[in-house]
Amino acid sequence: MGQRTNIILQHINKEEKKTTTRVFYCQWGIGRILPSQLVSILNATLTCSSYWSDFAAQLKPQGTLDVTDEWYTEKAEKALLESLDFSKPEDVGRVMKDGNNNGGIFVRIQTGKFGEETEIEYAYMLGREEDGDYKTFCTEDEWMANFERYVDDGFKDYYKRTLDYYGAKEYKPTKKGKGAKK
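Residues numbered from 1 in each chain as written. Predicted model: local features only at pLDDT ≥ 70, side-chain atom pairs only at ≥ 80, totals over all residues. Heavy atoms only, no water.

S.K.: For this particular structure, what's the right way to read the sheet that holds strand S2 (residues 18–26)?
M.R.: Pairing between the strands of a sheet is mediated by backbone hydrogen bonds and can be parallel or antiparallel. With mixed pairing, 6 strands are arranged side by side in an open sheet as S3-S2-S1-S4-S5-S6. Of all the strands in the sheet, just strand S3 (65–66) and strand S6 (169–170) have a single pairing partner and so form its edges. Seen against the sheet, helix H4 (residues 75–83) touches strand S1 (5–13) and S2 and runs at an angle of roughly 100° to S2. (Pairing = 2+ DSSP bridges. Helix = DSSP H or I, 4+ residues; strand = E, 2+ residues; numbered from the N terminus. Contact = heavy atoms within 4.5 Å. Axes fitted to C-alpha atoms, helices over the stretch in contact; angles between N-to-C directions.)

Right under this line is the structure:
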């Protein structure tokens, strides 16, 4: 019982062909906290991505601790961070498992030249306290279903409309996430 979660934020600057991945520890990220963090990241992306080529290194979700440089010190670990991809959820889970028991969210932001459209994709992963396996993404609806007492219909509506406004796309797992409540 610690409600420890992670936010993995990856920025791919297509113009400079540079990938920056940061890992944030969020002590209380269950329920609507991680979805709210995603909304916050989207707001910052709209504001900052056009001005800083490496804005992900500047971005720190509110109430989190950036653990990237402290927890991922070996060359192999850093290489894994930079190569994270939605097609390999088990690699995302390997990173997310550190200091985590409830799961987290992986957010990829791709930017191009100044003024070009930004692409944002994200996926949730349930942790062991929700019977997650750290190898399978779940949908945002499955994430929220695990924390029903913290997520009401008003929040879900606000969340979905905000993501639609920013054009953020949920990575759709090919099978139902392990641990998701029915």
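S.K.: I tried to follow the pairing of S2 on my own but got confused; where do I start?
M.R.: Every regular strand shows the same layout, with side chains that alternate between the two sheet faces. Counting buried residues along S2, 7 of its 9 residues qualify, which places the element largely inside the surrounding structure. Connecting S1 to the antiparallel partner S2 that follows it, the hairpin turn spans 4 residues, and Lys17 within it adopts a positive phi of roughly 50°. As defined by bridge partners, S2 adjoins S3 across 2 bridges and the pair is classed as antiparallel. Across the sheet, Tyr25 pairs through a bridge with Leu65, a residue of S3. (Buried < 20%, exposed > 50% of the residue type's maximum accessible area, 1.4 Å probe, protein only.)

S.K.: Could you clarify how one ought to interpret the nonpolar core in this entry?
M.R.: The tendency in soluble globular proteins is for nonpolar side chains to be buried side by side. Core analysis: the biggest nonpolar cluster contains 28 residues, and Leu38, Val107, Tyr122, Tyr124 and Tyr159 have the highest contact counts within it. Secondary structure elements with two or more residues in this core: S1, helix H1 (33–48), strand S4 (103–111), strand S5 (119–126), helix H6 (140–145) and helix H7 (153–166). By residue number, the principal contributor to this core is H1, which donates 6 residues. The residues contacting Val107, other than those within four sequence positions of it, are Ile8, Leu9, Gln10, Leu38, Ile41, Ile120, Glu121 and Tyr122. If you look at the next biggest cluster of nonpolar residues, it comprises 17 residues, including Tyr72, Leu80, Met96 and Phe106. (Core = buried A, V, L, I, M, F, W, Y, C linked by side-chain atoms within 4.5 Å.)

S.K.: Any chance you could explain the environment of Ile30 here in plain terms?
M.R.: The topology assignment puts Ile30 in the loop between S2 and H1. Note on Ile30: relative accessible area 4%, which makes it buried. Separated by 114 residues in sequence, Ile30 and Met144 place their C-alpha atoms 8.7 Å apart.

S.K.: Whenever I open this one, the pairing of S5 confuses me. Can you help?
M.R.: Counting buried positions along S5 gives 6 out of 8 residues, so the element sits mostly inside the fold. Note: S5 against S6, 2 bridges, orientation parallel. Bridging across to S6, Tyr122 finds its partner in Glu170.

S.K.: Whenever I open this one, the packing of aromatic side chains confuses me. Can you help?
M.R.: Aromatic rings considered in pairs are described by the distance between their centres and by the relative angle of their planes. Tallying each qualifying case throughout the model produces 11 aromatic pairs. Aromatic pair Phe86 and Phe137: ring centres 6.0 Å apart, planes at 55°, arrangement tilted. Taken together, the positions of Phe86 in the loop between H4 and helix H5 (89–96) and Phe137 in the loop between S5 and H6 put the pair 51 residues apart, joining distant regions of the chain. Each member of the pair, Phe86 together with Phe137, is buried. Counting every residue linked through ring pairs, the aromatic cluster contains Phe86, Phe106, Phe137 and Tyr171. (Phe/Tyr/Trp six-rings, centres within 6.5 Å; stacked < 30°, edge-to-face > 60°.)

On their own, these measurements won't tell you what the molecule is for.
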